[in-house]
Amino acid sequence: MPPKPPRRAGAARTQRHSPDGGSAPPAAPRLEVGEADFVVLCDALKVSDSVREKAWKTYENLSAADGALACNKKKKETWGVCIFIVAIDLDEVTFTFTELLKSINTSVCTFFQFLKEVDVNMDTVSTKVDSTVSRLKKKYDVLFALYHKFERTCGLIYLEQPSSEISAELSSVLVLKNYWITFLLAKGKVLQVEDDLVISFQLLLCVLDYFIKLSPPAMLKEPYKSSVSAVTVNGSARTPRRGQNRSSRTAKQLDTDTKIIEILCKEHDCNLDEVKNVYFTSFIPFLNSAGIVASNGLPEVEVILKQYDELYLKNKDIDARLFLNHDETLQPAVTACSQLERTPLKNNSDEEVNIMLPQTPVRAAMNNIQQLIMILNSATDKPSDTLIMYFNNCTVNPKDSILKRVESFDHIFKKKFAEAVGQGWAEIGSQRYKLGVRLYYRVMESMLKSEEERLSVQNFSKLLNDNIFHTSLLACAVEVVMATYGRNASQSDSTSAETDLSFPWILNVFDLKAFDFYKVIESFIKAEPSLTREMIKHLEHCEHRIMESLAWQSGSPLFDLIKQSKEREGQADQPEPTSTLNMPLQHNHTAADLYLSPVKSPKKKASGPPLSAASTPDVQPAVIPQTQKPQKSTSLSLFYKKVYLLAYRRLHTLFLHLLSEHPDLEALIWTLFQHTLQNEYELMRDRHLDQIMMCSMYGICKVKNVDLRFKIIVSAYKELCNTNQETFKRVLIREEQYDSIIVFYNLVFMQKLKTNILQYASSRPPTLSPIPHIPRSPYQFSNSPRRVPAGNNIYISPLKSPYKFSDGFQSPTKMTPRSRILVSIGESFGTSEKFQKINQMLCNSECQLKRSAEAGAAAPKPLKRLRFDIEGQDEADGSKHLPQESKFQQKLAEMTSTRTRMQKQKLNDGNDTSASEEK
């Protein structure tokens, strides 16, 4: 064990309990509570009397609810969980998380899973504990992913058995230990965020560069050996001396020798400029402040061990040094607590499938970043000539205000980023913001081109002078960049407080209302076709979060729009009529429509032409009567349509979990749910959509005498995707007063809707609301290849991103096995042999069916052909072409033209397989 640092008397109780020799009994007499083994555990963790008492009571309550927790096998784990919960709630944590795991002999993942099982009642685990567990899990996931990458990388750098000329003190084990602990110390001291995988990895590369330069060339593999040798020949010192000018000397050394950092960045697809920035602004100041001195070519182990020990005991969390020993407490569960490696879904275990190599979280993060940078390489951080042309066409030129806004937010973002991550990271924040600005101008230009095609105008003065539109578009662009860089090891959807840079952090930075941000999301996705699948899913998730809670916060413009909608024709008017619920969500509204739709009801008939065509988004009749009704808000109408779809999807999923045996109840629950959103929308203020959903389900079951308790509803809800326990544990009751969802139902929901709920038990229940038409998400891609019907060996799959971008985007054919053919629609098709081969495959099953029919079998049902949606045709027919068809459409039609042609082509099967793979 590393030496223990001297501790003050008040902090002495936090010292680590040695698993070998046990600890001395506490000086003060302890209150004997519970069984003897429970007392021993409390003594080992040095918990206070108040924690002992409450932890034992918590254990008794859990045992009464679930007798299995009291069995000898789980008893000690249950005690540990109870002590953990109570110590956090009382702010009396006298042990580290690793000490607790060692004391109850369990692993991180097992502990988290057991804690989830123990939380059978909503009041067992508080939101405070949930937040602590979320932070610990994120930190563990990042550390586990980084150590996995670190271990593999060191294996590529250092020889396992270096030559005999190397001192025994410089063994690979010692090198690994120095590396890892130095990195842990640097990460703990210079990073305020613990779950930022990308920044942590960039810092790790700085540590690797520093140590490689200190290592004797005889220990290294190529190309690092020759790079270090070249440094030695050029006279660069590998061992920095103690002094005040370390920063300037190291900076000078890195300026003259960047070979090693370049190799590391190329190998791991990291941006060289960003890593250099981290090196100078964060790593060098860390070396100076830590006082690390090299000895025998490496920093002194005891110095960094002592400093890390102090940091670990202060944070009271995970002792990440144990990764070096592959300690069982830090190993993942068999069920893969952390998604270290991911493989695509298989379609059929009997078939050969195109299995992609597993991808680590670090590799996935680096690939996403490289793809974003390559997309933005052609973009600039200034408006393009095309944008300038649009600006000049405006009645009021918006150029100056746009440039000033971009510059102003640069300073704001840089400051906020440094506050969240650390003052040394301000320049990193500025770099990310500039990438966001490039994307902002790129998407703006694409949007304006689309609007010009749609409206046949070039004057977008009103839109381009709208401050909220520009702020939202810029925030969305920066959010895409932040999400690309902010990928964490577990891809957890939950957020931590204060230091988390994930959405909705960006809204606070730009001082933007969630409802205004929502308006730009769909148009942003459509305007930028190069967005990765992960980013599209992320923006869709942001949209869902806005619709479920963020847009309903006090101060949101949404409430003003609803109020104005109600005032149009009295209370009879609705934000979105129920008659449209079962109609498909089809609209051609763009961001221009949503930002320029009426906010305040006009009091008199509009006169004169609009400032620009884009300023009249709502379609008006050709003849406008003198007593014109105020325009209905396009943004509100579309918002409610989407909210209804999201609400019903959530309800349907939960309903299938709980009430599949009572299918008649779904329509009743949905009607109450929809009625509340439409007519009692104030219940949504500062609350969550799912809270209303669960209350609606419980209320209908209550009046219909179906036994469904809130405990069961909550248990099923926790298993759904993208849910947060705070949703049902902390619900607004009245101003600044929060309680569980049960209290909310009794004191608020039931009191407001009692009359309406009781109607469902009467002989004349309310008219049922139509079930919404559920379309496929416009943002979503299929997760795995989809097989074409009729048993053919053909699959349709989205183009997957290659794993490495060092040599640019890989051609799709490089990812295809020899036995398969891949045609990427939208790229050059290559030779005609590909289509012939596909036609031959399509024919295989048809020939088999024909033979079976000739043998006396029943005539088979005609096979479906590959169908492409060509207007005016149900199926492509090679013998007929519409006059307006392009050559592209004709070629697609010929793929399924006639059986005779396909049979002839089959005779050539296998003649030239290699030629068919070429582009």
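All values reported here derive from a predicted model rather than from experimental measurement.

Colleague: Looking at this model, I keep getting lost on the overall build of the protein chain. Mind explaining?
Modeller: For the protein chain, the helix and strand inventory stands at 34 helices and six strands. Counting every position in the protein chain, which comprises 919 residues, the buried fraction comes to 49%. Across the protein chain, contacts joining residues at least 24 apart in sequence account for 75% of those joining residues at least 6 apart. Summed over all atoms, the accessible surface of the protein chain reaches about 44,200 Å², with 50% contributed by carbon and sulfur.

Colleague: What's the story with the packing of aromatic side chains in this structure? I'm lost.
Modeller: Given two aromatic rings, one states the distance between the centres and the angle between the planes to describe the pair. Summed over the entire model, instances satisfying the criterion amount to 52 aromatic pairs. Between Phe97 and Phe112, the ring centres sit 5.9 Å apart and the planes meet at 10 degrees, which makes this aromatic pair stacked. Residue Phe97 is located in helix 4 (residues 97-104), and its partner Phe112 is located in helix 5 (residues 108-118); the two are separated by 15 residues in the primary sequence. The burial state of Phe97 is the same as that of Phe112; both residues are buried. Between the aromatic rings of Tyr648 and Trp670, the centroid separation amounts to 5.6 Å while the plane-to-plane angle is 75 degrees, which identifies the pairing as edge-to-face.

Colleague: When you look at the packing of helix 19 (residues 467-485) against helix 22 (residues 533-548) in this model, what are you seeing that I'm missing?
Modeller: Two quantities define a packed helix pair, namely the angle between the helix axes and the distance between the axes. Between helix 19 and helix 22, the shortest axis-to-axis distance is 10 Å and the interhelical angle comes to 120 degrees. Taken together, the axes of helix 19 and helix 22 are oblique relative to one another. Note on packing geometry: the crossing formed by helix 19 with helix 22 is right-handed. Contacts between helix 19 and helix 22 involve Cys476, Glu479, Val480, Ala483 and Thr484 on the former and, on the latter, Met535, His538, Leu539 and Cys542. Looking at side-chain class alone, the contact of helix 19 with helix 22 contains six nonpolar, two polar and one charged residues.

Colleague: Help me understand unusual backbone geometry in this model?
Modeller: A negative phi angle is the norm for most residues apart from glycine, just as the trans form is the norm for most peptide bonds. Cis geometry is found at the peptide bond from Glu222 to Pro223, where omega equals 5 degrees. Residue position: Pro223 is located in the loop between helix 8 (197-214) and helix 9 (224-233). That bond from Phe503 to Pro504 is cis: its omega, 15 degrees, falls within 30 degrees of zero. Note on placement: Pro504 falls in the loop between helix 19 and helix 20 (505-509). Backbone geometry at Asn722 places phi at a positive 55 degrees, although glycine is not the residue there. Taking the relative accessible area as the measure of exposure, Asn722 reaches 43% and is therefore partly exposed.

Colleague: Just checking my understanding: could you explain the confidence of the model for the protein chain for this structure?
Modeller: In low-pLDDT segments, the atomic positions of the prediction should not be examined closely. When pLDDT is averaged along the protein chain, the result is 74, and 63% of the positions lie at 70 or above. Here helix 34 (residues 913-916) stands out as the element of the protein chain with the lowest mean pLDDT, 42, in contrast to helix 27 (residues 689-703), whose mean of 96 is the highest. Residue range residues 1-30 is modelled with pLDDT below 50. Its contacts to residues more than four positions away, or to other chains, number 47 contacts. Confidence drops under a pLDDT of 50 for residues 909-919, and excluding neighbours within four residues, the segment shows 23 contacts in the predicted structure.

Colleague: Which parts of the structure should I look at to understand the pairing of strand 3 (residues 731-734)?
Modeller: For strand 3 and strand 4 (residues 737-739), the ladder comprises three bridges, and the chain directions are antiparallel. Within strand 4, the position partnered with Arg734 by the bridge is Gln737.

Colleague: Sorry, what's going on with the state of the cysteines here?
Modeller: In protein structure, a disulfide is the covalent linkage between the sulfur atoms of two cysteines. Tallied over the full model, the rule gives zero disulfides. Left unpaired, Cys265 is separated from the closest cysteine sulfur, that of Cys270, by 5.5 Å. We classify Cys265 as buried; its relative accessible area is 3%.

Colleague: Can you help me understand the packing of helix 5 against helix 6 (residues 127-157) in this one?
Modeller: Running from amino to carboxyl end, helix 5 crosses helix 6 at an angle of 150 degrees, the nearest separation of the two axes being 11 Å. The orientation of helix 5 relative to helix 6 falls into the category roughly antiparallel. For the pair helix 5 and helix 6, the crossing hand works out as left-handed. When helix 5 is examined against helix 6, the residues Val108, Cys109, Phe112 and Leu115 are found in contact with a partner set consisting of Val133, Leu136, Lys137 and Tyr140. Here the contact of helix 5 with helix 6 is composed, by residue class, of seven nonpolar, no polar and one charged.

Colleague: Looking at this structure, I do not really get the pattern of salt bridges. What am I missing?
Modeller: A side chain with one charge can pair with a side chain of the opposite charge if their charged atoms come near. If you walk through the whole model with that rule in mind, you get 24 salt bridges. Between Lys213 and Asp209 there is a salt bridge, with the nearest N and O atoms lying 3.4 Å from each other. Taken together, the positions of Lys213 and Asp209, both in helix 8 and four residues apart, correspond to about one turn of that helix. Looking at Lys213, the relative accessible area reads 6%, which means it is buried. Taking the relative accessible area as the measure of exposure, Asp209 reaches 0% and is therefore buried. A salt bridge links Glu726 to Arg730; the shortest N-O distance between them is 3.9 Å. Residue class for Glu726 comes out partly exposed when judged on its relative accessible area of 35%. Arg730 gets classed as partly exposed once you look at its relative accessible area, which sits at 37%. Among the charged side chains, a network of salt bridges with common partners joins Glu522, Lys526, Glu543 and Lys642.

Reading the values: rules and limits
- Residues numbered from 1 in each chain as written.
- Predicted model: local features only at pLDDT ≥ 70, side-chain atom pairs only at ≥ 80, totals over all residues.
- Heavy atoms only, no water.
- Helix = DSSP H or I, 4+ residues; strand = E, 2+ residues; numbered from the N terminus.
- Buried < 20%, exposed > 50% of the residue type's maximum accessible area, 1.4 Å probe, protein only.
- Contact = heavy atoms within 4.5 Å.
- Areas by Shrake-Rupley, 256 points an atom, 1.4 Å probe, with all protein chains shown as cover.
- Phe/Tyr/Trp six-rings, centres within 6.5 Å; stacked < 30°, edge-to-face > 60°.
- Axes fitted to C-alpha atoms, helices over the stretch in contact; angles between N-to-C directions.
- Parallel < 35°, antiparallel > 145°, perpendicular 65-115°, else oblique.
- Left-handed = near helix turned anticlockwise from the far one by under 90°.
- Nonpolar A, V, L, I, M, F, W, Y, C, P; charged D, E, K, R; others polar.
- pLDDT = per-residue confidence, 0-100.
- Pairing = 2+ DSSP bridges.
- Disulfide = S-S within 2.5 Å.
- Salt bridge = Lys/Arg side-chain N within 4 Å of Asp/Glu carboxyl O.

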